[in-house]
Structures are given as structure tokens and as C-alpha cells.
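# Structural overview for review
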Amino acid sequence: MSTPIASLRDAFVRPGPDEAVELRAFTHGLMPRRVPTMMQRFAEDWSGRGVDAWNHVPNHWQPAATNGSEENVGWWTLPMFLGDAFIAPLLGAPHGTCIMQPHVHWTMQCLLSAPEVIERGNEVVLVDSAFPSVKHSVHRWQALNGLTPAVVDRPAHGHVDVERVIDRIGADTAMVVLSHVGFTTGQRIPDRELRAVADAAHAQGALFVIDGYHSACTFPIQVDALGVDVYMGGLLKEGCGSSGNSFVYLREGLELTPRLTGWFGNAEPFAFNDTPQPHPDVRRRFLGGTTAVASLYHAVEGVRLLLEAGLDTVHAHTQRLSQIVIDRADEAPFSMRSPRDPDQRSTLLVLEVPEAHKLCEYLKTQHIYTDSRKNRFLRMAPFVWNTKADMHRALDVLTETLETGAHRDFAPETSGPVT
Ligand SMILES: Cc1ncc(COP(=O)(O)O)c(C=O)c1O
């Protein structure tokens, strides 16, 4: 039986008074109530077992699971264990294909360093709105491996045009990287369009990589159906983990040997051989040096709650709440930058407003928590702890503030984006 969505409101700790409306899931999710318990477990394992915790700790994450029996969980294997037990269900991925990572930046660096990518061509196709951890990595690696960024511009409305991406793919393409949900617009690329990109990339022998930072945890994903080779993302936001909690899926049979390598990616780490020997499990080659285990203790507490509720239910709930914003947008003193079409929208809604930084800070004084970008955009993401009443209160206060201009003379102590 799945958990009712209403019960999730209290499964997370919400800052501020009871009437506060927290709409920042897309920037840093709320803390699941079980996090302090899990951090206590880390302290107990460390103090009680010392170095032996690397080989074995109790399975705090999935005590009842048969495939997660106590024998196979230790700090060495935790990134793979969490990948199998929690990330694979998020992505509809098979056992053995997912692993925890420190951040998307590291995963991207590993991909760009792999000779199996460079052998496929000399260009990386990406859109200009790709996240900096992706975009900047591609730009920097150009000097190291000659892979040229082939950047596809967006039309004036700012949404990605998948046809333009497909047109850019050719015999020179080594890799295509797209965000499943764009962080500047909240635009979700529909599954059929992603599949078309995958087919176009594969027809040219290129890899298809998705940055799913804002999609995993917000709606069900089936990596096989999308035809994607690599799906990376993080749990800091809607996944309600914290920093150090990102992940990657690598399609079964995909051979990659990142040149960025460390002893945790080695087949025989304790042989201390002179030359690197890539681990036979390809995903383990993405481990690099010693895993930072502390943040893995609480990494999946949000994912656990979302999976228990069901990602279909999570998606339906957030779509209902975002529809309230869309329904009121025509009459409101702001315009929508995000797509309105349910097929193309995510939890993230981006509104265009005057003096966005001051507005965001003023709204905080009214206990409406959003964030701002470029002093033009107010971003909000209704999530599992929000209710319809939250959305109406947030929109009432926002509309009144924009109409009276109350924020214009407001002098916040800090102004501008937080993360
Ligand atoms: C689309 C997207 N990718 C990646 C990241 C984070 O990248 P990293 O894990 O390298 O910090 C973010 C963070 O906001 C993001 O929005």
C-alpha cells in the first residue's frame, strides 16, 4: 500500500511558522525527519566499528530487504548498494547499473575523460542552457581532448527546440547531453522527443546523456524507454538529500574507462599495483578516490518517502498545484516563462517579474519562500509538502505585493540568490 501524499507534509521539517509556504524544492529540498537518526547511525558505526565499517555495517537503509542483507553493506559497497536499492527504482533501471556520485561535475569529468567517448567523434552537442557543471566541463575539456562543444541556441522564448538539437547531430558527434528539465525554465522534454534524440545520436554512433537533476524524484522515469546511455542527477533538490548525494546510471554493457581514476575504481585496490587496472564493474570506475560516506547515510531518506508515495502520485500532486499558478497567471501581474502544457512542464515554475531579488526577499518576510534569478525571474516549485491552500496564499500575497509595489522600497539585509 502506498503512503498517502497528505502524510508527506509532516515527513519533512518545514522552516518558519505553520502558515509558511515552502516553494524551494528545486533549489534545496527540505530535510526528511529521519535524517538526524541516520546521522546518528553514522556516528555509531564509526565509533562502534572503526575501520571495520568499511567492510560491514548494519543495513540501516533497507533492513528488511532480501537483496540488502547485512552481509553486503559496508562503506566500500554503499555507493553501489544505494544505487541498486534506491536510484534504480527512481529511474526504472536494472540492478547493477546505478551508483552514487559526489556531484554531476565529477560524473561529467569522468565521461569527458573516457577514451570510449572520444573514439566516437569530436563534438559534444549540448544546448546553451545546460547547467554550468556540464557546459563548463565540456568547454574546458576541449583543450584536453579536442572534443568541441557544438552548442545549440534556444529560440527567443527560451525553451529548448529538440528539432534543432537533432539537426545538429552528425557524423562528428561523440556525445549529446540534454537536461530532462531545464533549470532556467522548468521545461520538461517529453519522453518521445528524448527518444528521438537517442535514436538520432545512436544512428551516428554517439552516446546520449541526460542531466536529470530536476526530473528524477518528480515523475517516473524509464531509462530503457528513453534510450539513454547515461542518466545523471542529484538528490539535493526534489530528492531531499543534501550535498554529496548525486548519482549516475550507465546502460548495461556500456564500456567506459574514465582517465580520471582513483584507487576506489581499481579492480584490486589493495594490490597497490604500479598501473591502473579498471574495475570490471564499469560503474565502480566512476568512484575515483575514497568515497565520502557520511552524506550517504541520509542520502536516500527523501527518495524513500517519494518511492513509498509513488512517483505517479507525486507527479499528479505537483501538476495539480502548478495548474493553480497557471490558471491564475492570465489575470496576474506576472508572466509565465515555464511551459503551460502538462507534457512539457515540471515541478519548477519560472515567473517573470520586476525586481525579482527584492520581491523574493520581501516574500520571505511574509513567509512565502521562493527564489530569484537574474533579478528578472521568480522561481517556485510546488512539492509534496504543499497544499492547494499554500498555492492560493502564495499567489494572493505575490499578486498583492506586485500590485502595491510593497517590495520596491524594501531594503533586505541580503539580496540575491542563495544557491
Ligand atoms: C540541471 C542541473 N544539473 C546539475 C546541477 C548541480 O551540479 P553539481 O552536482 O555539479 O553541483 C544542478 C544544480 O542546480 C542543476 O540544476
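Residues numbered from 1 in each chain as written. Predicted model: local features only at pLDDT ≥ 70, side-chain atom pairs only at ≥ 80, totals over all residues. Heavy atoms only, no water.

Under the annotation held in an unreviewed UniProt entry, the protein chain carries the name Aminotransferase and is attributed to Longimonas halophila.

## Notes on the UniProt feature "domain: Aminotransferase class V" (unreviewed entry) in the protein chain
Spelled out, the test is: UniProt positions are given in the numbering used here, feature names are shortened, and annotations may be inferred rather than shown by experiment. Secondary structure follows DSSP: runs of H or I at least 4 residues long count as helices, runs of E at least 2 residues long count as strands, and numbering of each begins at the N terminus.
Look at the UniProt record and you will see "domain: Aminotransferase class V" (unreviewed entry) annotated at residues 116-368. As annotated, residues 116-368 comprises 33% helix and 15% strand, and the C-alpha atoms at either end are separated by 48 Å.

## Looking at the pattern of salt bridges
Convention followed: Whenever Lys or Arg places a side-chain nitrogen within 4 Å of a carboxyl oxygen from Asp or Glu, that contact is recorded as a salt bridge. Buried residues are those whose accessible area, probed at 1.4 Å on protein chains only, stays under 20% of the maximum for their type, while exposed residues exceed 50% and partly exposed ones sit between those limits.
Taken as a whole, this structure holds 24 salt bridges when the rule is applied. Residue Glu 301 is joined to Arg 34 by a salt bridge in which the shortest nitrogen-to-oxygen separation is 2.8 Å. With a gap of 267 residues between them, Glu 301 in helix H10 (residues 301-309) and Arg 34 in the loop between strand E3 (31-32) and helix H1 (35-49) connect regions that are remote in the sequence. Classification of Glu 301 by relative accessible area gives buried; the value is 1%. Ionic pairing is found between Asp 371 and Arg 379, a salt bridge with its closest N-O pair at 3.0 Å. A relative accessible area of 6% places Asp 371 in the buried class. Classification of Arg 379 as buried rests on a relative accessible area of 4%. Several salt bridges converge on common partners, so that one network encompasses Arg 34, Glu 301 and Arg 304.

## Remarks on the packing of aromatic side chains
Put simply, the rule is: Note on aromatic pairs: the rings of Phe, Tyr and Trp (six-membered ring only in Trp) are paired at centre separations within 6.5 Å, and the planes decide the class, stacked below 30 degrees, edge-to-face beyond 60, tilted for the rest. For a ring to carry a charge above it, either NZ of a lysine or CZ of an arginine must fall within 6 Å of the ring centroid while also lying within 35 degrees of the normal to the ring plane.
Under the counting rule described, the total for this entry stands at 18 aromatic pairs. The interplanar angle of 65° and the centroid separation of 6.3 Å between the aromatic rings of Trp 54 and Trp 76 together place this pair among those described as edge-to-face. Taken together, the residues Trp 54 in the loop between H1 and helix H2 (78-91) and Trp 76 in the loop between H1 and H2 connect sequence positions 22 residues apart. We note that Trp 54, like Trp 76, is buried. On the basis of an interplanar angle of 85° and a centroid distance of 6.0 Å, the ring pair of Phe 270 and Phe 272 is categorised as edge-to-face. We note that Phe 270, like Phe 272, is exposed. Aromatic rings pair up to connect Phe 42, Trp 46, Trp 54, Trp 61, Trp 75, Trp 76, Trp 263, Phe 264, Phe 270, Phe 272 and Tyr 297 into one cluster. Positioned above the aromatic ring of Phe 219, the side-chain terminus of Arg 188 is 3.5 Å from the ring centre.

## Details of the sheet that holds strand E14 (residues 371-373)
Our working rule: Note on pairing: DSSP must find at least two bridges between two strands before they are called paired.
With antiparallel pairing, 4 strands are arranged side by side in an open sheet as E11-E12-E15-E14. Every interior strand has two partners, whereas the edge strands, strand E11 (335-336) and E14, have only one.

## Here we look at the packing of H10 against helix H11 (residues 311-329)
Heads up, the condition is: An axis is simply a line fitted to the C-alpha atoms; with a helix, the fit covers only the stretch in contact. Between two such axes, the angle follows the N-to-C directions and lies from 0 to 180 degrees. In this scheme, roughly parallel covers angles under 35 degrees and roughly antiparallel covers those over 145, while 65 to 115 is roughly perpendicular and the rest are oblique. In what follows, a contact means two residues having at least one pair of non-hydrogen atoms within 4.5 Å. Polar here means any residue other than Ala, Val, Leu, Ile, Met, Phe, Trp, Tyr, Cys and Pro, which are nonpolar, and Asp, Glu, Lys and Arg, which are charged; Gly is therefore polar.
The contact between H10 and H11 brings their axes to 5 Å, and the two run at 90°. Taken together, H10 and H11 sit at an angle that is classed as roughly perpendicular. On H11, the residues that touch Leu 306, Leu 307 and Ala 309 of H10 are Leu 311, Thr 313 and Val 314. Residues belonging to the contact of H10 with H11 are distributed by class as follows: 5 nonpolar, 1 polar and no charged.

## Section: the domain arrangement of the protein chain
In many analyses, interface size is given as the accessible surface area lost on bringing the parts together. Applied cut-off: Domain start and stop positions are those given by an automatic or database domain assignment. By definition, the buried area sums, over both parts, the 1.4 Å-probe accessible area that each loses when the two are put together.
If you check the domain split of the protein chain, you get domain 1 (11-33 + 310-404) and domain 2 (39-306). Once you take the C-alpha centre of each, domain 1 and domain 2 turn out to be 28 Å apart. Counting residues at the interface gives 28 residues for domain 1, matched by 29 residues for domain 2. Taking both sides of the interface into account, the surface hidden between domain 1 and domain 2 amounts to around 2,400 Å²; carbon and sulfur atoms contribute 58%.

## A look at the site of the ligand
Spelled out, the test is: When we say a residue is near a molecule or strand, we mean one of its heavy atoms is within 4 Å of it. We call two N or O atoms a polar contact when they sit within 3.5 Å, provided that within protein one can donate a hydrogen and the other can accept it, with sequence-adjacent residues counted only if both atoms are side-chain atoms. Accessibility throughout is a Shrake-Rupley quantity obtained with a 1.4 Å probe, and a residue counts as covered only by protein chains that appear here.
All residues adjacent to the ligand are His 103, Val 104, His 105, Phe 131, Ser 133, Phe 183, Asp 211, Tyr 213, His 214 and Lys 237. One nitrogen or oxygen atom from the side chain of Ser 133 is found 2.6 Å from an oxygen atom belonging to the ligand. In isolation the ligand exposes 400 Å². Once the protein is present, 85% of that is buried. For the shell around the ligand, the per-class residue count stands at 4 nonpolar, 4 polar and 2 charged.

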